[in-house]
Amino acid sequence: MMQAILDLRSDTVTQPTDEMREVMMRAEVGDDVFSDDPSINSLEKFAAEYFEKEAALFVVSGTQSNLCALLAHCQRGDEYIVGQNAHTYKYEGGGAAVLGSIQPQPLEHLPDSTIDISKIKAAIKPDDSHFARTRLICLENTIGGKIISQEYINQVYEIAKEAGLGFHLDGARLLNAAVGQSLSASQIAKPFDSVSICLSKGLGAPVGSVLLGDKSFIKSARRWRKVLGGGTRQAGFLAAAGEYALKNNVERLAEDHKNAEELAKLLTAIGLDVSGHETNMVFVNITDAMVVSLGRFMEDRGVLLHVRGKGLRIVLHLGIRRDDVDYIVSCFTDYIRQSDE
Ligand SMILES: Cc1ncc(COP(=O)(O)O)c(C=O)c1O
């Protein structure tokens, strides 16, 4: 395979920049299981202040972050209400059920990726030994690149509070949601008892997430992180990259959103069936023939796509500049031309 030049499969593929590598190299480290790593302590303090929550916990991945949150909110035999397509339910190996004996209650999404409010209310179980105990509602923002409105989040918050439930946000891409609607990150985080943020997606850090919440919640999550094998030692090199990302790579997410908008416009102009663009993602409906041959054709030109079916997701990130968008469109144009010959 030739060296990939433009990798559009996900925003998880970013390479640390020279400046980030420099910061990592100079990071002071210690044993984090003893809370002795200055760089991890610094990231946790910075993140708690940035998102205006009492405390933060550095974890190795978004999956571990969500799982620590679910384990801290719920006991064995409890359940959480979650969207059918939510990452915590669909793409995390069923971790809550496998490792926590926590039952998910998945609900269908509406076309805008929210869940019908009346369905959430109806899914909350009465206190009756026939049922699992409903403990938590879990949302995701952005979800499939879509921003969930604050108005909707506040409605779900009211339901959660009225029923005495916890409220968790998988905010892997919360900062895309913040930049996409010019809101502060802490405004989006505010209604939630806990929030998980990925540092290794659009923000460009190589590894890591932070989980946020109040002090007692984070204390419990820290314990679960250790149980899950996620207590690390001199991992401050990674936390330093994460803090650098939070300090330097948030505003620039707007460029990814602009590039996604531009790419969607240009791909539509050359006749592709673009079904939409949301924050840093573009969605294209492709034909059966394209499913078979598009990925290879683009890869031969140094463009990596994740072709899994007829709905193609293209993800923009800090490794893709505005000029690259033109090159990507020219590759699609060549593909269409050679298919027509
Ligand atoms: C919305 C969302 N949440 C959580 C995760 C999990 O993150 P990780 O891959 O770091 O486990 C992902 C990963 O793509 C994601 O897209």
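Residue numbers restart at each chain and count upward from 1, following the sequence in its written direction. The model is predicted, so local features are restricted to residues of pLDDT at least 70 and side-chain atom pairs to those at 80 or more, both for listing and for counting; the totals for chains, interfaces and linings are taken over all residues. The basis for every side-chain value is the complete set of heavy atoms in the structure, and neither hydrogens nor water enter the calculation.

Asker: Describe the site of the ligand, naming the residues involved and giving the relevant values.
Answerer: The rule for a residue being near a molecule or strand is that one of its heavy atoms must lie within 4 Å of it. Neighbouring the ligand are the residues Ser61, Gly62, Thr63, Asn66, His87, Glu92, Glu140, Asp170, Ala172, Arg173, Cys198 and Lys201. Here an oxygen atom of the ligand and a side-chain polar atom of Arg173 are 3.0 Å apart. For every accessible area listed, the method is Shrake-Rupley and the probe measures 1.4 Å; residues are considered covered only by the protein chains on display. Coverage of the ligand by the protein chains reaches 80% of its 390 Å² of free accessible surface. What counts as a helix is a DSSP run of H or I of at least four residues, what counts as a strand is a run of E of at least two, and both are numbered from the N terminus. With three residues, the single largest contributor to the shell around the ligand is helix H3 (residues 62–73). Residues were grouped as follows: Ala, Val, Leu, Ile, Met, Phe, Trp, Tyr, Cys and Pro as nonpolar; Asp, Glu, Lys and Arg as charged; and all remaining residues, including Gly, as polar. For the shell around the ligand, a count of residues per class yields two nonpolar, five polar and five charged. We define a polar contact as two N or O atoms separated by no more than 3.5 Å, with the added condition that, inside protein, one atom must be a possible hydrogen donor and the other a possible acceptor, whereas residues neighbouring each other in sequence contribute only through side-chain atom pairs.

Asker: Outline the packing of aromatic side chains, supporting the account with residue identities and numerical values.
Answerer: How two aromatic rings sit relative to each other is given by the distance of their centres and the angle of their planes. In this analysis, rings of Phe, Tyr and Trp, with Trp reduced to its six-membered ring, are considered paired at centre separations within 6.5 Å, and the interplanar angle assigns stacked below 30 degrees, edge-to-face beyond 60, and tilted for intermediate values. Evaluation of the coordinates by the stated rule reveals five aromatic pairs. The interplanar angle of 35° and the centroid separation of 5.7 Å between the aromatic rings of Phe46 and Tyr50 together place this pair among those described as tilted. One end of the pair, Phe46, and the other, Tyr50, are both in helix H2 (residues 38–50), four residues apart, so they sit about a helical turn from each other. Residue classification places Tyr50 among the partly exposed positions, given a relative accessible area of 27%. On the numbers, 5.2 Å between centres and 75° between planes, the contact of Phe297 with Tyr335 is edge-to-face. Of this pair, Phe297 sits in helix H13 (residues 288–300) while Tyr335 sits in helix H14 (residues 322–340); the two residues are 38 residues apart in sequence, bridging distant segments of the chain. Throughout, exposure labels follow a simple rule: accessible area from a 1.4 Å probe, protein chains only, divided by the maximum for the residue type, with under 20% read as buried, over 50% as exposed, and the rest as partly exposed. Note on Phe297: relative accessible area 11%, which makes it buried. In this structure Tyr335 comes out as buried when scored by relative accessible area, which is 5%. A ring has a charge above it when a Lys NZ or an Arg CZ is no more than 6 Å from the ring centre and no more than 35 degrees off the ring normal. The positively charged end of Lys247 is found above the aromatic ring belonging to Phe46, 4.8 Å away from the centroid. Here Arg301 stacks its cationic end above the ring of Phe297, 3.5 Å away from the centre of that ring.

Asker: Give me the side chain of Ser39: which residues, what numbers.
Answerer: With respect to the element layout, Ser39 can be found in helix H2. One polar contact links the side chain of Ser39 to the main-chain carbonyl oxygen of Glu28, over a distance of 2.5 Å. Residue contacts are defined here by distance: any two heavy atoms, one from each residue, within 4.5 Å place the two residues in contact. Setting aside anything within four residues of it in sequence, one finds Ser39 in contact with Ala27, Glu28, Gly236, Ala239, Ala240 and Glu243.

Asker: Run through the pattern of salt bridges, naming residues and quoting values.
Answerer: Think of a salt bridge as a Lys or Arg side-chain nitrogen and an Asp or Glu carboxyl oxygen that are within 4 Å of each other. Considering all chains together, one arrives at 20 salt bridges under this definition. Linking Lys161 and Asp193 is a salt bridge whose minimum nitrogen-to-oxygen distance equals 3.1 Å. Here Lys161 is found in helix H7 (residues 150–162), whereas its partner Asp193 is found in the loop between helix H9 (185–189) and strand E7 (194–198), with 32 residues between them in sequence. Among the ionic contacts, a cluster of salt bridges with common partners joins Glu262, Lys265, Arg322 and Asp326.

Asker: Tell me about the sheet that holds strand E6 (residues 166–171), and please be specific about residues and values.
Answerer: At least two DSSP bridges between two strands are required for those strands to pair. Spatially, E2-E8-E7-E6-E5-E3-E4 is the arrangement adopted by the seven strands of the open sheet, whose pairing is mixed. In the strand order of this sheet, the two ends are held by strand E2 (55–59) and strand E4 (103–107), each with one partner. With strand direction ignored, the average angle separating the axes of adjacent strands in the sheet is 20°. Relative to strand E5 (residues 133–140), strand E3 (residues 78–83) runs parallel, the two being bridged by five bridges. Counted as the bridge partner of Glu79 is Thr134 from E5. Interaxial angles span 0 to 180 degrees and are taken between N-to-C directions of axes, which are lines fitted to C-alpha atoms, for helices over the stretch in contact. Those strands touched by helix H10 (residues 215–227) are E2, E7 and strand E8 (209–213), and its axis lies near 15° from that of E2.

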